[in-house]
Amino acid sequence: MNEDALRRLLESVRRGEASVEEALGRLRRLPYESLGFANVDHHRAVRKGFPEVVLAQGKTPEQVAEIAARLAADGPLLVTRAAREHFRAVAERLPGATYHEVARCITLGGPDGPLRPGVAVVCAGTADLPVAEEARITAEMMGCQVSTLYDVGVAGVHRLLDRLELLLSAHAIVVAAGMEGALPGVVAGLVPCPVIAVPTSVGYGASLGGLAALLTMLNACAPGLAVVNIDNGFGAGYMAAIINRMLWEAREGR
């Protein structure tokens, strides 16, 4: 951010030459920070309500650490698809960072204020945990209190039905499943809230790396079901958090 430009904008608001709404509109379009190998969007939180999230996959540990260090001042920091090498590099720059082994995420800080209940994360099998945990951590970093229900796939659907009250209390539910991918459709047929399905790449040969589960979810007959990309726990958790936030803000009259 250019400090002089920001100062001029704030002074114009103080003098009454620009409204608060006009200033917010201009802030949404202020410049990004160029690092040569990345353009860091410091105003993502103004537009989206949450800072830019770093995808570590495909980046060197040094690149991830540099981007993370620049983003850390913007609010909660979330890095996805991170290996241990990425975390070591980030921790050298940001000693307070935490590595979540199962989810392969790095976090620093967290939301202001208490977490708002309303998001549930469900997965069919233990092998789906990396994707489910990525969704959970994403939603929690975005201010949601998350309930989890793991290893409740359709091979033993009684495990799911035994916790139906948890599902019925949610505003949005993320359901991760591999193999044939039937679980999200089952959940969507039981609850009134939106269900976000995540096909995972778990399964034997004909699962085709999650394609079979993806096609099952896209063809589900239960209404109220949306589908994200294979293994995209982050995208599902983000969407669930937005839904939950909008409902809470409507209740609070914001």
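Reading guide: rules and limits
- Residues numbered from 1 in each chain as written.
- Predicted model: local features only at pLDDT ≥ 70, side-chain atom pairs only at ≥ 80, totals over all residues.
- Heavy atoms only, no water.
- Pairing = 2+ DSSP bridges.
- Helix = DSSP H or I, 4+ residues; strand = E, 2+ residues; numbered from the N terminus.
- Contact = heavy atoms within 4.5 Å.
- Axes fitted to C-alpha atoms, helices over the stretch in contact; angles between N-to-C directions.
- Expected span 1.5 Å × (residues − 1).
- Core = buried A, V, L, I, M, F, W, Y, C linked by side-chain atoms within 4.5 Å.
- Buried < 20%, exposed > 50% of the residue type's maximum accessible area, 1.4 Å probe, protein only.

(A) Representation of the sheet that holds strand β6 (residues 105-108) in the model. If you walk across this open sheet you meet the 4 strands as β3-β4-β6-β5, and the pairing is mixed. At either end of the open sheet lies a strand with only one pairing partner, and these are β3 (54-55) and β5 (98-100). Two strands pair when backbone bridges link them, and β5 and β6 are joined in this way by 3 bridges, in the antiparallel orientation. For H100, the partnering residue across the bridge sits in β6 and is C105. Along the sheet, helix α6 (residues 129-141) makes contact with β4 (77-80), β5 and β6, crossing β6 at roughly 15°.

(B) Looking closely at α6. Its 13 residues give α6 an end-to-end C-alpha distance of 18 Å, which sits within 8% of 18 Å, the value for a rise of 1.5 Å per residue. Immediately beyond the C-terminal end of α6, within one or two residues, lies G143, with a positive phi of roughly 100°.

(C) Structural context of unusual backbone geometry. Non-glycine residue R104 carries a positive phi angle of around 60°. The phi torsion at M179 lies on the positive side, around 50°, for a residue other than glycine. Tracing the sequence through the fold places M179 in the loop between β9 (172-177) and α9 (183-188).

(D) Looking closely at the nonpolar core. Among the nonpolar cores identified, the biggest contains 28 residues, and F50, V119, V121, V174 and V198 are the most heavily contacted of them. Within the residue set of this core, elements represented by two or more residues are β7 (116-123), α6, β8 (144-149), β9, β10 (195-199) and α11 (233-251). With 6 residues, α6 is the largest single contributor of residues to this core. Every residue in contact with V174, bar those within four places of it in the chain, is listed here: A120, V121, V122, A135, I196, V198, A236, G237 and A240. Judged by nonpolar contacts, the second largest core, of 22 residues, contains V122, V152, L166 and A177.

(E) Representation of the sheet that holds strand β11 (residues 225-227). Read from one edge to the other, the open sheet built from 5 strands follows the order β8-β7-β9-β10-β11, with strand pairing classed as parallel. Looking along the sheet, the strands with just one partner apiece sit at the ends: β8 and β11. Strand-to-strand, the axes of this sheet are offset by a mean angle of 25°, without reference to chain direction. Pairing analysis gives 5 bridges linking β9 to β10, with the strands arranged parallel. Bridge assignment links A176 to a residue of β10, and that residue is V198. Sitting on the sheet, helix α10 (residues 211-218) is in contact with β9, β10 and β11, with an inclination near 155° to β10.

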